[in-house]
Amino acid sequence: MAMLWLSAASVWAGSDAGTAFSEGEKLLAGGDLRAALKQYVAAVKLDRTNQEYLQQYMLVRRAVALQDTLAREPNSPQWEQTAVALRSFYSAAGLHAQALPLDRKLFERSKTPDNAIQLAETHLSLDQSDEAVAVLSSLNAAQGTSASQALRAVALARQGQVDAARQIASQVRVSGPSDPGTLYMVARMYAAVGDVEPAMATLTRCFEAVPPSRLDLLKSHARQCPDFSSVASRASFTAALRTESKVSESKCSGGSSCSSCPMRGNCARSASK
């Protein structure tokens, strides 16, 4: 890391902390973590009191270290744990193209519903609905979950196969207690097939089940999610977005798994798995 501080010297000259940080953000958005890290080093060096600069520097430094570990130890027993931590960073940063190879490897190593959901979500984020359908369709009947079936319906609807998506939607049930990640996917499914009332009812249940500190982030995701685009102008969607959490604060959404959680990548639990 000492060499990184030295290599950033040319960045500091004639620069200011805000400019360096903004350049780092641009480089990070483009997926160049190492170049971004140099800019964050410069920003922290120029303004040691700014906690935002320091936090981003520490996050990206850790991600670069994880990249190095994966490259250096591809057969390590800790490979999966390291890969999950790195792809959580990619997901939180919106670096879906960088997350995709890791998601593929994780799914190849263990074809679980959680890994299938994670890979399919990344494909959908990259507008690759055909690939998402293929991944979710590879799960057998015993492996399928409400979340994986709901996401498969979403992917089919994005393909234009709305009738097929409706057929799946008619078989998905979440009447009992469910984690917010599953509820969110089911709400997306209903919205994608045009079932507005159950979509809004399920979305409301989802928001009620999300811890307060995560609620604004999930609502922001819902506002931008293409599956809710057809209902975005409806009063019922606006009403759902006013829903308050009904749970006590915790470190995660409390679901059975991180991969189906809408907050994955922004949670200490998912990063530590």
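As the structure is a prediction and not an experimental result, all values here were calculated from the model.

Looking at the overall build of the protein
When its secondary structure is counted, the protein shows 16 helices and 0 strands. In the protein, which comprises 273 residues, the proportion classed as buried is 47%. A separation of at least 24 residues holds for 60% of the contacts in the protein among residues at least 6 apart in sequence. For the protein, the accessible area works out to roughly 13,200 Å², and carbon and sulfur atoms hold 50% of it.

A short note on the side chain of D227
Mapped onto the elements, D227 comes out in the loop between helix 14 (212-224) and helix 15 (235-240). Setting aside residues up to four positions removed in sequence, D227 forms contacts with V154, R158, R188, A191 and A192.

A short note on the pattern of salt bridges
Under the criterion given, the structure shown has 8 salt bridges. When the shortest N-O distance is used, the salt bridge between R87 and D103 registers 2.8 Å. Linking R87 in helix 6 (residues 79-93) with D103 in helix 7 (residues 96-109), this pair joins segments that are 16 residues apart in sequence. You can call R87 buried: its relative accessible area is 3%. A salt bridge links R158 to D227; the shortest N-O distance between them is 3.0 Å. Of this pair, R158 sits in helix 10 (residues 146-159) while D227 sits in the loop between helix 14 and helix 15, and the two are 69 residues apart along the sequence. Note on R158: relative accessible area 30%, which makes it partly exposed. Ionic contacts of the salt-bridge type, sharing partners, join the residues E121, R158, R188 and D227 into one network.

Quick word on the nonpolar core
Formed by 50 residues in total, the largest nonpolar core has its most connected members in L151, Y184, M189, M200, L203, F228 and F237. Apart from the residues within four sequence positions on either side, L151 is in contact with I117, A120, E121, L124, L136, M185 and R188. Counting 30 residues, the second-largest nonpolar core is a separate cluster that includes L28, Y53, A99 and L102.

So, the confidence of the model for the protein
Counting all residues, the mean pLDDT for the protein is 88, and 86% of those residues have values of 70 or more. Every residue in residues 268-273 scores below 50 in pLDDT, and together they form 19 contacts with partners more than four places removed in sequence or on other chains.

Description of the packing of aromatic side chains
As enumerated under the stated definition, the model contains 5 aromatic pairs in all. Both rings, one in F21 and one in Y40, keep their centres 5.4 Å apart while their planes meet at 50 degrees; by these two values the pair is tilted. On the criterion of sequence distance, the pair formed by F21 in helix 3 (residues 17-29) and Y40 in helix 4 (residues 33-46) is long-range, its members being 19 residues apart. Pair check on accessibility: F21 and Y40 agree, each one buried. What links up through ring pairs into an aromatic cluster is the set F21, Y40 and Y53. One residue, K111, lies across the ring of F107, its end atom 5.5 Å from the ring centre. Across the ring face of F207, the terminal group of K219 is positioned such that the distance to the ring centre comes to 5.7 Å.

Here we look at the packing of helix 6 against helix 7
Running from N to C, helix 6 and helix 7 point in directions that differ by 150 degrees, and their axes come no closer than 9 Å. Taken as axis vectors, helix 6 and helix 7 run roughly antiparallel relative to one another. The two elements helix 6 and helix 7 meet at a crossing, and its hand is left-handed. Only H96, Q98, A99, L102, D103, K105, L106 and R109 of helix 7 make contact with helix 6, whose side of the interface consists of W79, E80, A83, V84, L86, R87, Y90 and S91. Here the residues of the contact of helix 6 with helix 7 sort into 8 nonpolar, 3 polar and 5 charged.

Some words on the packing of helix 10 against helix 11 (residues 162-169)
Pairs of packed helices are described in terms of their axes, by the angle between the two and the distance that separates them. Following both chains from N to C, one finds helix 10 and helix 11 inclined at 165 degrees, their axes separated by 8 Å at the closest point. By the angle between their directions, the pair helix 10 and helix 11 is classed as roughly antiparallel. The element helix 10 and its partner helix 11 pack so that their crossing is left-handed. Where helix 10 approaches helix 11, its residues Q149, R152, A153, L156 and A157 are matched on the opposing element by V162, A164, A165 and I168. Classifying every residue of the contact of helix 10 with helix 11 gives 7 nonpolar, 1 polar and 1 charged.

Brief notes about helix 4
With 14 residues, helix 4 extends 20 Å between its outermost C-alpha atoms, agreeing within 8% with the 20 Å of an ideal straight helix rising 1.5 Å per residue. Along helix 4, the positions that sit buried rather than exposed are L33, A36, L37, Q39, Y40, V41, A42, A43 and V44.

Parameters at a glance
- Residues numbered from 1 in each chain as written.
- Predicted model: local features only at pLDDT ≥ 70, side-chain atom pairs only at ≥ 80, totals over all residues.
- Heavy atoms only, no water.
- Helix = DSSP H or I, 4+ residues; strand = E, 2+ residues; numbered from the N terminus.
- Buried < 20%, exposed > 50% of the residue type's maximum accessible area, 1.4 Å probe, protein only.
- Contact = heavy atoms within 4.5 Å.
- Areas by Shrake-Rupley, 256 points an atom, 1.4 Å probe, with all protein chains shown as cover.
- Salt bridge = Lys/Arg side-chain N within 4 Å of Asp/Glu carboxyl O.
- Core = buried A, V, L, I, M, F, W, Y, C linked by side-chain atoms within 4.5 Å.
- pLDDT = per-residue confidence, 0-100.
- Phe/Tyr/Trp six-rings, centres within 6.5 Å; stacked < 30°, edge-to-face > 60°.
- Lys NZ or Arg CZ within 6 Å of the ring centre and 35° of its normal.
- Axes fitted to C-alpha atoms, helices over the stretch in contact; angles between N-to-C directions.
- Parallel < 35°, antiparallel > 145°, perpendicular 65-115°, else oblique.
- Left-handed = near helix turned anticlockwise from the far one by under 90°.
- Nonpolar A, V, L, I, M, F, W, Y, C, P; charged D, E, K, R; others polar.
- Expected span 1.5 Å × (residues − 1).

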